[in-house]
Amino acid sequence: MSSVSSTVRFRCGRCSREYEARVYSFIDAASSPALTGQVTDGSLFVRECPSCGCRELVNLPVVYRDASCLVCLSDREIGVEGLEGMRGRLVSDVGSLVEKVKIFHAGLDDVAMELVKLVIRGELGRDVQLRFLRTEGADNELIFTYPSEGRMEMVAVGFNVYEDSCGIVSRSPELSAAHEGMVRVDREWVENFIR
């Protein structure tokens, strides 16, 4: 199956001028590999007004599929069949979709990553919205970003924290169940198992 896009009319949030922009409702990494880079850097979800240059986020429903995952940006629960061998995830915003794709492309487990985020928030002593950015260095340090006072901050955590989190997931039938079907794996979901 190939990627599906359409032209949608938008009204600029700054100058109120109407214009058309291409948006994707289905992204198939196998048939459109160039789109994967635009997904992971977020540029595929940004529209720009041709009149004033205002750049705004397109937060419309979209499905991303590659060989290992199916990530659906939707505000509704979705049932999908035929996910054998794939991870199915529901997300509620573009940032979460981008993060899931980055996590899966790095060969990491998103359930364990949510546990890592809990550890980081505890270490920071602050309630921040963490997003996985990349692995770095010979030891595969995990790099996360979070907004703080109008700018983005970065924090690194050792890969051993991720490995410990994977161990917790493997010993927990409830957490391991997230690997089956379409699941919304996020902070709220994982905190339900920690309480």
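Further up the page is the structure itself.
Calculation criteria
Residues numbered from 1 in each chain as written. Predicted model: local features only at pLDDT ≥ 70, side-chain atom pairs only at ≥ 80, totals over all residues. Heavy atoms only, no water. 1 Å grid on protein atoms, 1.4 Å probe; cavity = no way out; pocket = protein on both sides within 12 Å on 5 of 7 lines; lining within 4 Å. Points joined across faces, edges and corners; volume = space filled by probe spheres on them. Nonpolar A, V, L, I, M, F, W, Y, C, P; charged D, E, K, R; others polar. Core = buried A, V, L, I, M, F, W, Y, C linked by side-chain atoms within 4.5 Å. Buried < 20%, exposed > 50% of the residue type's maximum accessible area, 1.4 Å probe, protein only. Contact = heavy atoms within 4.5 Å. Pairing = 2+ DSSP bridges. Helix = DSSP H or I, 4+ residues; strand = E, 2+ residues; numbered from the N terminus. Salt bridge = Lys/Arg side-chain N within 4 Å of Asp/Glu carboxyl O. Phe/Tyr/Trp six-rings, centres within 6.5 Å; stacked < 30°, edge-to-face > 60°. Expected span 1.5 Å × (residues − 1). Lys, Arg positive; Asp, Glu negative; His and termini not counted. Polar contact = N/O pair within 3.5 Å; in protein donor to acceptor, adjacent residues only side chain to side chain.

## Focus: empty space enclosed by the protein
Okay, step 1: Inspection of every chain in the model, using the stated rule, returns one cavity of 30 Å³ or more.
Okay, step 2: As for the largest cavity, its lining consists of Val23, Tyr24, Leu44, Phe45, Val58, Leu60 and Val62.
Okay, step 3: Grouping the constituent residues of the lining of the largest cavity by class yields seven nonpolar, no polar and no charged.

## So, the nonpolar core
Okay, step 1: Counting 43 residues, the largest nonpolar core has Ile27, Phe45, Leu97, Leu142 and Phe144 as its most contacted members.
Okay, step 2: Ignoring sequence-local partners within four residues, the contact set of Ile27 consists of Ser3, Leu35, Val39, Leu44, Phe45, Val62, Val63, Tyr64 and Arg65.
Okay, step 3: Residues Cys12, Ala21, Val23 and Val58 belong to the second largest nonpolar core, which totals eight residues.

## Looking at the sheet that holds strand β2 (residues 18-28)
Okay, step 1: An order of β1-β2-β5-β6-β7-β11 is seen for the six strands of this open sheet, with the pairing classed as mixed. Single-partner strands in this sheet number two, and they are β1 (4-11) and β11 (182-183).
Okay, step 2: Summarising the sheet, strand β5 (residues 62-65) and strand β6 (residues 69-73) pair through four bridges and their orientation is antiparallel. If you follow Val62 over to β6, its bridge partner there is Leu73.

## Considerations on the pattern of salt bridges
Okay, step 1: What the rule picks out here adds up to 16 salt bridges.
Okay, step 2: A salt bridge links Arg65 to Asp28, with the nearest nitrogen and oxygen atoms 2.7 Å apart. Here Arg65 is found in strand β5, whereas its partner Asp28 is found in strand β2, with 37 residues between them in sequence.
Okay, step 3: Judged by relative accessible area, which is 25%, Arg65 ranks as partly exposed.
Okay, step 4: Classification of Asp28 as buried rests on a relative accessible area of 4%.

## Side note on the packing of aromatic side chains
Okay, step 1: Following the criterion strictly, the structure yields three aromatic pairs and no others.
Okay, step 2: With 6.3 Å between their ring centres and 40 degrees between their planes, Phe10 and Tyr19 make a pair best called tilted. Residue Phe10 shares its accessibility class with Tyr19, and that shared class is buried.
Okay, step 3: Between Phe132 and Phe144, the ring centres sit 5.9 Å apart and the planes meet at 70 degrees, which makes this aromatic pair edge-to-face.

## Brief notes about the side chain of Arg47
Okay, step 1: In this fold, Arg47 is placed in strand β3 (residues 46-48).
Okay, step 2: Assessed through its relative accessible area of 11%, Arg47 is described here as buried.

## Concerning the pairing of β6
Okay, step 1: The buried fraction of β6 amounts to five of the five residues, a majority that puts the element mostly inside the structure.
Okay, step 2: Linkage of β5 to β6, two consecutive antiparallel strands, is achieved through a turn of three residues.
Okay, step 3: Where β6 and strand β7 (residues 87-91) come together, five bridges link them in parallel fashion. Bridging across to β7, Cys69 finds its partner in Arg87.

## What to know about helix α4 (residues 159-171)
Okay, step 1: Given a rise of 1.5 Å per residue, 13 residues ought to cover 18 Å, and the 19 Å separating the end C-alpha atoms of α4 matches this to within 8%.
Okay, step 2: For α4, the full list of buried residues reads Val161, Tyr162, Ser165, Gly167 and Val169.
Okay, step 3: Elements in contact with the buried residues of α4: α3 (110-124), β9 (141-148), β10 (151-157) and α5 (173-176).

## Remarks on the side chain of Asp66
Okay, step 1: Tracing the sequence through the fold places Asp66 in the loop between β5 and β6.
Okay, step 2: Here Asp66 sits buried without a salt bridge, and the closest side chain of opposite charge, Arg87, lies 7.0 Å off (N-O distance).
Okay, step 3: For Asp66, the side chain forms a polar contact with the main-chain nitrogen of Cys69, separated by 2.9 Å.
Okay, step 4: Looking at Asp66, its side chain comes within polar contact range of the side chain of His105, at 2.8 Å.
Okay, step 5: Not counting residues within four places of it along the chain, the set of residues in contact with Asp66 comprises Ala29, Met86 and His105.

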